[in-house]
Amino acid sequence: MEDRIRKYLKEVESFSGNTLQEIEEFRIKFLSKKGLIAGFFSEFKTIPPDRRKQVGQLINQLKKTVTEKITVLTETLDSDTFIEPDLDPTLPAEPMILGSRHPVSIVRNEIIDIFGHLGFTISEGPEIEDDDHVFSKLNFPPNHPARDMQDTFFIRKGFDEHGNNIDILLRSHTSSVQVRVMEEELPPIRTLSPGRVFRNEAISARSHCIFHQVEGLYIDEYVSFADLKQTLLYFAKEMFGAKTNIRLRPSFFPFTEPSAEMDISCSCNGKGCNLCKFSGWLEILGCGMVDPNVLDYMKIDSKKYTGFAFGMGIERIALLKYRISDIRLLFENDIRFLKQFRSAL
Ligand code: PHE
């Protein structure tokens, strides 16, 4: 019997089951009710008393070895099961896909950054506005054809019992924010108002009914047209490159006098290309000296203070800067288009 136990001891020591089933079979073979160890214990009765101690120790040793073996084997099997056989941990990780800013946001942030260097702060106003802020206080006379320059979306149209215009509308330009700033603040004022504007225009490659503008307003003593021109030249060079030139063409806005439209030189260097329609110039913004009437409406002393204002479409700047041919691309949010834009701003 002792020889048989020793033989099994060797077998147990060298056993290396590596599936749960093999280990279970091993357990049943030795430890079950009808297993080998139970068999040895029942045989034990036939052992003469003088050898019982030795044989008893041997059987216990076998039982202990089997139990320990099972514990060790199941533990290694457990930790192994964390790694699936087809998972290769040495493969590089899946790349993390980072989002990118929308080109309109990039350009808006750049404009804010450039004018920020000149001391302009940010101000905002509501998108749903009244007639006062979008037209009347900006020197648009009632029923004046200048109101038709911008096809406005009206929410409510009418007059109160005193004949006051009580129109409610979606703002058609961010010049409305100028009015709000002048209502609240005293000069010197140097502010920039980025925001969304709405115009009842057919959607095409060149125009959209919703777009973004940035308005600039500077009011102080002795502000001159030369300051306006220099400020805009600085902006153009920062935004479109140091070689950029500007030109100002006379124009009309009810709230500025004199008024101008600003063009920047096209990167084709005047040779003519499709973008500038062979003129060498690209129109980018409207500007002018704040009309003294506007200052008077706002109770700012127009004898003491002068100011300039300018307004530009952010989409237009983005189209020119990135040479995008269709404004609708900026609204479709096609990820293949958007992911081409990366910016620190
Ligand atoms: N508000 C004008 C527009 O939308 C632009 C502008 C702003 C012109 C400020 C002059 C001064 O066309």
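Refer to the structure above for everything that follows.
Because the structure is a prediction, the values reported are computed rather than measured. (Residues numbered from 1 in each chain as written. Predicted model: local features only at pLDDT ≥ 70, side-chain atom pairs only at ≥ 80, totals over all residues. Heavy atoms only, no water.)

A.B. asks: For this particular structure, what's the right way to read the site of the ligand?
C.D. replies: Around the ligand sit 14 residues, and of these His173, Ser175, Arg199, Gln213 and Glu215 come closest. A distance of 2.9 Å separates a nitrogen atom of the ligand from a polar atom in the side chain of Ser175. In this structure, an oxygen atom belonging to the ligand sits 2.9 Å away from a side-chain N or O atom of Gln213. For the ligand, the protein covers 92% of the area, taking 330 Å² as the surface of the free molecule. According to the grid-proximity analysis, the pocket containing the ligand is the largest pocket. Elements represented by at least two residues in the shell around the ligand include exactly strand E6 (210-221), strand E9 (281-290) and strand E10 (305-313). Of the residues that constitute the shell around the ligand, the class distribution is 5 nonpolar, 7 polar and 2 charged. (Near = heavy atom within 4 Å. Polar contact = N/O pair within 3.5 Å; in protein donor to acceptor, adjacent residues only side chain to side chain. Areas by Shrake-Rupley, 256 points an atom, 1.4 Å probe, with all protein chains shown as cover. 1 Å grid on protein atoms, 1.4 Å probe; cavity = no way out; pocket = protein on both sides within 12 Å on 5 of 7 lines; lining within 4 Å. Sits in = over half its atoms within 2 Å of the grid points. Helix = DSSP H or I, 4+ residues; strand = E, 2+ residues; numbered from the N terminus. Nonpolar A, V, L, I, M, F, W, Y, C, P; charged D, E, K, R; others polar.)

A.B. asks: It is not clear to me how the pattern of salt bridges should be interpreted in this structure. Could you clarify?
C.D. replies: Between side chains of opposite charge, a pair can form when the charged atoms approach closely. A full pass over the atoms with the stated rule returns 16 salt bridges. When the shortest N-O distance is used, the salt bridge between Asp132 and Lys137 registers 3.7 Å. Look at Asp132 and you get partly exposed, because its relative accessible area is 33%. The residue Asp334 makes a salt bridge to Arg336 at a minimum N-O spacing of 2.6 Å. Residue Asp334 is classed as partly exposed on the basis of its relative accessible area of 27%. Connected through salt bridges with shared partners, the residues Arg247, Arg249, Asp263 and Glu283 form a single ionic network. (Salt bridge = Lys/Arg side-chain N within 4 Å of Asp/Glu carboxyl O. Buried < 20%, exposed > 50% of the residue type's maximum accessible area, 1.4 Å probe, protein only.)

A.B. asks: I would appreciate a short explanation of the nonpolar core in the present structure.
C.D. replies: Counting residues in each nonpolar core, the largest one holds 43 residues, and the members touching the most others are Ile111, Phe235, Phe310 and Met312. If you list the elements that add at least two residues to this core, you get helix H5 (103-116), E6, helix H8 (225-240), strand E8 (256-265), E9, E10, helix H10 (314-322) and helix H12 (335-338). The leading source of residues in this core is H5, at 6 residues. Once you skip the residues sitting within four places of it in the chain, Phe235 turns out to touch Ile111, Ile114, Phe115, Ile284, Met312 and Ile317. (Core = buried A, V, L, I, M, F, W, Y, C linked by side-chain atoms within 4.5 Å. Contact = heavy atoms within 4.5 Å.)

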